[in-house]
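Remarks on the overall topology
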Amino acid sequence: AQSVTQLGSHVSVSEGALVLLRCNYSSSVPPYLFWYVQYPNQGLQLLLKYTTGATLVKGINGFEAEFKKSETSFHLTKPSAHMSDAAEYFCAVSGDGANSKLTFGKGITLSVRP
Amino acid sequence: DGGITQSPKYLFRKEGQNVTLSCEQNLNHDAMYWYRQDPGQGLRLIYYSQIVNDFQKGDIAEGYSVSREKKESFPLTVTSAQKNPTAFYLCASSKTGIISGNTIYFGEGSWLTVV
């Protein structure tokens, strides 16, 4: 079985400050890891994903995440927050094989203060 | 433009009624999914279909039904057996049914409220 833990439900940062959203996963097989963003009343949009290869993954809107197998983590970062980054962020994990499914964390709401 | 279209965006249901949420995709994807989103609970999988005329239950299928008669369409019916149907429903698709590293693309969602 696989699972995702996103600690805390809300993070608040000042505009221009570092954004750090934490994600830890549990998977019995090598994982595929995803970060999605959701703006109010909209669907989810893929920010970035880790499949294989380089452990530092760069995504859209200046976000990046690093896969750390030893820590079972895939934290999302952005050096400088912008007001438009205010949204809900979901980390997700999938396994491999025909019956793999995408399992989501509970999500973290990011607020950006002027 | 290619994408996933969900309708209606807002739907109100009286208790005891069945309602159907529409989902259409023009991405030529084989697999389609329905998720339910409740505040603070993330997304939970209701049903998924890896190919036309085939579908499987997800984690919370009770009180829901689906059909997959066409590749581009995957409607979800919320039946009267679903005791707490008020939620945000998201339809999604992926190129193949084997998730692995494939990206799942989402529609804009539908709000269902029981009145």
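Structure: see above.
About the thresholds
Counting restarts for each chain: residues are numbered from 1 in the order of the written sequence. Numbering of ligands from 1 and lettering of chains from A proceed in the order in which they are written. In keeping with the model being predicted, local features are shown solely for residues with a pLDDT of at least 70 and side-chain atom pairs are shown and tallied solely at 80 or more, while totals for entire chains, interfaces and linings include all residues. Side-chain measures here rest on the full set of heavy atoms in the structure, leaving out hydrogens and waters. Contacts are residue-level and defined by heavy atoms, with any inter-residue pair within 4.5 Å sufficient. Accessible surface is computed with a 1.4 Å probe, and the buried area is the amount of it that two parts give up when combined, taken over both parts together. Salt bridges are defined as contacts in which a side-chain nitrogen from Lys or Arg sits within 4 Å of a carboxyl oxygen from Asp or Glu. Any pair of N or O atoms that falls within 3.5 Å is considered a polar contact. Within protein, one atom must be able to donate a hydrogen and the other to accept it, and sequence-neighbouring residues count only if both atoms are side-chain atoms. Put simply, DSSP H or I for four residues or longer makes a helix, DSSP E for two residues or longer makes a strand, and each gets a number counted from the N terminus. Ten residue types, Ala, Val, Leu, Ile, Met, Phe, Trp, Tyr, Cys and Pro, are classed as nonpolar, four, Asp, Glu, Lys and Arg, as charged, and the remainder, Gly among them, as polar. In this description, a nonpolar core means a group of buried Ala, Val, Leu, Ile, Met, Phe, Trp, Tyr and Cys residues linked to one another through side-chain atoms lying within 4.5 Å. Exposure is judged per residue with a 1.4 Å probe applied to protein chains only, and the accessible area is read against the type maximum: over 50% gives exposed, under 20% gives buried, and values in between give partly exposed.

With 24 residues of chain A in contact, the opposing surface of chain B contributes 26 residues. Interface of chain A and chain B: buried area, both sides summed, is about 1,800 Å²; carbon and sulfur atoms make up 51% of it. At the boundary of chain A with chain B, the tally comes to 1 salt bridge. Across the pair Lys 101 of chain A and Asp 59 of chain B runs a salt bridge, and its minimum N-O distance is 3.3 Å. For the pair chain A and chain B, the interface holds 6 residue pairs in polar contact (both at pLDDT 80 or more). Secondary-structure elements contributing two or more residues to the side of chain A that touches chain B are strand E5 (32–38), strand E6 (44–50), strand E10 (87–94) and strand E11 (102–104) of chain A. When residues of the side of chain A that touches chain B are assigned to their parent elements, the largest contribution, 4 residues, is made by E5 of chain A. Grouping the constituent residues of the side of chain A that touches chain B by class yields 9 nonpolar, 10 polar and 5 charged.

Here we come to the nonpolar core. Ranked by internal contacts, the top residues of the largest apolar core, which has 26 residues, are Trp 35, Leu 47, Leu 48, Phe 74, Leu 76 and Tyr 89 of chain A. It is E10 of chain A that provides the largest number of residues to this core, a total of 4 residues. Contact partners of Tyr 89 of chain A, with chain neighbours within four places excluded, come to Gln 6, Leu 21, Trp 35, Tyr 36, Val 37, Leu 47, Phe 63, Leu 76, Gly 107, Ile 108 and Leu 110 of chain A. With 20 residues, the next largest nonpolar core counts Leu 11, Ile 46, Tyr 64 and Leu 76 of chain B among its residues.

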